[in-house]
Amino acid sequence: MNTLNNIEKRIKNISEQYPNDMIGGFITGDGPIPCDIMFVGEAPGKTEVELGKPFVGKAGANFEKYLNSIGLRRDNVRITNTCYFRPIKRKISKSGRETISNRPPKVSEINLFKDILNDEINLVNPKIIVTLGNIPLKRLTDFKSIGECHGNLIFNKEINRNIFPMYHPSSLIYNKSEEFLNIYRNDWEKLSETLLSL
Ligand code: URA
């Protein structure tokens, strides 16, 4: 049966059986079920695993600021990820010190969670899925890059869902240009208008 409990168990099983040195913990989605608006990110980072919720780190602060700017709060929306575990890489320095950092999930890792994400989408039954960044975009549409389609409503016939692609909120940390900030802000305004039309 497709229940939240079953989804959470499957995420836990996959993550616990995965090689320990490739991942640093896992989380499940957060927010109400059912829910009209669902955001899908890439994969959790360190803070998300520590706090057990998606988008609670640096990128999450940007995300929440813009979410609030269109009159929504975290507890109005479902938030989840394409890959439910934290993909990591380990580096040993010359002095023998180990550092751990995030890495993007591999296609094989995204595929481990393909059915689980589909089941979560069906359980949540959203009117719109907002993809954050390229990883969920490629997983849920045929687009190859966010630059081609951000801020536009797309219909995915296979899963029968509206998709609204947006840049990942961490893009604001890397791209500080005024031009990008305007594009990003404008996409949130377009999302707000789109939500009114659904
Ligand atoms: N970035 C993501 O894509 N997901 C999170 O949960 C946190 C940061």
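Relevant structure appears above.
Residue numbers run consecutively from 1 along every chain, following the written order of its sequence. Reporting in this predicted model follows two pLDDT cut-offs: at least 70 for local features of residues, and 80 or more for side-chain atom pairs to be given and counted; totals over whole chains, interfaces and linings ignore these cut-offs and use all residues. In computing side-chain properties, one takes all heavy atoms of the structure into account and sets aside hydrogens as well as water.

1. Description of the packing of aromatic side chains
Only the six-membered ring of Trp is used, alongside the rings of Phe and Tyr, when aromatic pairs are assigned; centres must lie within 6.5 Å, and planes under 30 degrees apart are stacked while those over 60 apart are edge-to-face, with the rest tilted. Under the definition given, this model contains 12 aromatic pairs. Centre to centre, the rings of Tyr18 and Phe85 are 4.7 Å apart; their planes meet at 35 degrees, and the pair counts as tilted. On the criterion of sequence distance, the pair formed by Tyr18 in the loop between helix 1 (4-17) and strand 1 (23-26) and Phe85 in strand 4 (residues 85-92) is long-range, its members being 67 residues apart. Exposure class is identical for Tyr18 and Phe85. Each is buried. Centre to centre, the rings of Phe39 and Phe63 are 5.0 Å apart; their planes meet at 80 degrees, and the pair counts as edge-to-face. With Phe39 in strand 2 (residues 37-41) and Phe63 in helix 3 (residues 58-69), the pair connects residues that are 24 residues apart, well separated along the chain. Side by side, Phe39 and Phe63 carry an identical accessibility label, which is buried. Helix numbering and strand numbering both begin at the N terminus, where a helix is a DSSP run of H or I of at least 4 residues and a strand a DSSP run of E of at least 2. Relative accessible area decides the class of each residue, using a 1.4 Å probe on protein chains only: under 20% of the type maximum gives buried, over 50% gives exposed, and in between gives partly exposed.

2. Observations regarding the packing of helix 1 against helix 5 (residues 114-124)
The contact between helix 1 and helix 5 brings their axes to 10 Å, and the two run at 160 degrees. It follows from the interaxial angle that helix 1 and helix 5 lie roughly antiparallel. In this structure, helix 1 crosses over helix 5, and the sense of that crossing is left-handed. Between helix 1 and helix 5, the residues in contact are Leu4, Ile7, Arg10, Ile11 and Ile14 and Asp115, Ile116, Asp119, Glu120 and Leu123, respectively. Under the scheme applied here, ten amino acids are nonpolar (Ala, Val, Leu, Ile, Met, Phe, Trp, Tyr, Cys and Pro), four are charged (Asp, Glu, Lys and Arg), and all others, including Gly, are polar. For the contact of helix 1 with helix 5, a count of residues per class yields six nonpolar, no polar and four charged. Axes here refer to lines fitted to C-alpha atoms; in helices the fit is confined to the stretch in contact. Angles between the N-to-C directions go from 0 to 180 degrees. By definition in this entry, angles of less than 35 degrees are roughly parallel, angles greater than 145 are roughly antiparallel, angles of 65 to 115 are roughly perpendicular, and the rest are oblique. Crossing handedness: left-handed means the near helix sits turned counterclockwise from the far one by under a right angle, and right-handed means the same turn made clockwise. Pairs of residues are marked as contacts when any of their non-hydrogen atoms sit within 4.5 Å.

3. Some thoughts on the layout of surface pockets
In this analysis the probe radius is 1.4 Å and the grid spacing 1 Å, with only protein atoms considered; a cavity is a set of points the probe fits into but cannot get out of, a pocket is an open set with protein on both sides within 12 Å along at least five of seven lines, and lining residues have an atom within 4 Å of a point. Grid points are joined across faces, edges and corners, and a volume is the space filled by probe spheres set on the points. Of the pockets and cavities examined, the largest pocket occupies roughly 530 Å³. Lining the largest pocket are 21 residues; nearest its centre among them are Ala43, Gly45, Ala59, Asn102 and His168. Going through the elements one at a time, helix 2 (46-51), helix 3 and helix 7 (171-174) are the ones with two or more residues in the lining of the largest pocket. Per element, the largest residue contribution to the lining of the largest pocket is three residues, and it comes from helix 3. When its residues are assigned to classes, the lining of the largest pocket shows nine nonpolar, eight polar and four charged. The space that makes up the second largest pocket amounts to roughly 280 Å³. Elements with a contribution of two residues or more to the lining of the second largest pocket: helix 5, helix 6 (134-140) and strand 7 (154-156).

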